[in-house]
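Here is what each chain is made of, one letter per residue.
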Amino acid sequence: IHCESATFPGKAIGTQPNRVYGPVREFAYEGIYSGDLGLTFRLDPLMNIRRIFYRWQELIQPYATANGVPKGDFSYYQDYISDIYLYQYPARQAEASTGHGAGSSGLNFSEALKKPIYGIHIEEAFPKSIGAIEVGYDNTNTYSKQTVDFAFRRWRELSGSEL
């Protein structure tokens, strides 16, 4: 809800050179879902968004036992993963300047902005790292941001009917 920016992850095909006779051929052998999913959130005044991600990481690796002694155990993978759906909405100015909003689609301008134009389903995600937050006197008239990088297994593009 408070996500301000996102980096859609990339995808590549892993190949292996194979030479039987003549020039070498590259054969595809696996899909590579590259990098982490980076999301930046606007923090609320009580930093509840940051707390949510810390609690999620505590599900992955509980910090301490009842007596406060740190332990190194990790939870089962299925207990801490979740799917994430990420959507891109049309830019208000781009749609207004091209004329592809109100008149051409039959929808009014505000209705056209409510429907996403692109989306992905990210499978088996969890917060890998929670970024630092800079605080200081010169940040008094602005809001704080929290970056979170998610590890994931794979992603797929959503079809038009899923948007």
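For clarity, every value in this text was computed on a predicted model and none was experimentally measured.

*Asks:* Explain the environment of aspartate 36 here, please?
*Replies:* In this fold, aspartate 36 is placed in the loop between strand E3 (25-32) and strand E4 (37-42). A residue is classified by how much of its surface remains accessible, and aspartate 36, at 31% relative accessible area, is partly exposed. Aspartate 36 sits 117 residues away from arginine 153 along the chain, and the two C-alpha atoms are 9.8 Å apart. When neighbours within four sequence positions are excluded, aspartate 36 is seen to be in contact with Lys128, Asp149, Phe150, Ala151 and Phe152. Side chain to side chain, aspartate 36 and lysine 128 meet in a polar contact 3.5 Å long.

*Asks:* Got a minute to help me understand the nonpolar core in this structure?
*Replies:* The nonpolar side chains of a soluble globular protein tend to be buried, and buried together. Membership of the largest hydrophobic core comes to 23 residues, with the highest contact counts inside it found for Leu37, Phe53, Ile122, Phe126 and Phe150. Breaking this core down by element, the ones donating at least two residues are E4, helix H1 (48-60), strand E5 (82-88), strand E6 (118-130) and strand E7 (145-151). Among the elements that make up this core, the one with the highest residue count is E6 (five residues). Excluding residues within four positions of it along the chain, phenylalanine 53 makes contact with Phe41, Pro127, Ile130, Val148 and Phe150.

*Asks:* Is there a simple way to think about the pattern of salt bridges in this case?
*Replies:* It is possible for side chains of opposite charge to pair when their charged atoms get near one another. Scanning the model with the defined rule gives six salt bridges in all. Between lysine 145 and glutamate 4 there is a salt bridge, and its shortest N-O distance comes to 3.1 Å. With lysine 145 in strand E7 and glutamate 4 in strand E1 (residues 3-7), the pair connects residues that are 141 residues apart, well separated along the chain. In this structure, the salt-bridge partner of glutamate 162 is arginine 156, at a minimum N-O distance of 2.9 Å. Given a relative accessible area of 33%, glutamate 162 falls into the partly exposed group. Of the residues examined, arginine 156 reaches a relative accessible area of 32% and is grouped as partly exposed. Within the structure, one salt-bridge network assembled from shared partners comprises Glu4, Arg42 and Lys145.

*Asks:* Would you mind going over a nonpolar patch on the surface with me for this structure?
*Replies:* A grouping of Tyr85, Tyr87 and Tyr89 is seen on the molecular surface, where their side chains present a nonpolar patch of about 300 Å² in accessible area. By secondary structure assignment, the location of tyrosine 85 is in strand E5.

Cut-offs used in this document
Residues numbered from 1 in each chain as written. Predicted model: local features only at pLDDT ≥ 70, side-chain atom pairs only at ≥ 80, totals over all residues. Heavy atoms only, no water. Helix = DSSP H or I, 4+ residues; strand = E, 2+ residues; numbered from the N terminus. Buried < 20%, exposed > 50% of the residue type's maximum accessible area, 1.4 Å probe, protein only. Contact = heavy atoms within 4.5 Å. Polar contact = N/O pair within 3.5 Å; in protein donor to acceptor, adjacent residues only side chain to side chain. Core = buried A, V, L, I, M, F, W, Y, C linked by side-chain atoms within 4.5 Å. Salt bridge = Lys/Arg side-chain N within 4 Å of Asp/Glu carboxyl O. Patch = residues over 30% accessible without salt bridge, like charges linked within 9 Å, V, L, I, M, F, W, Y side chains within 5 Å. Areas by Shrake-Rupley, 256 points an atom, 1.4 Å probe, with all protein chains shown as cover.

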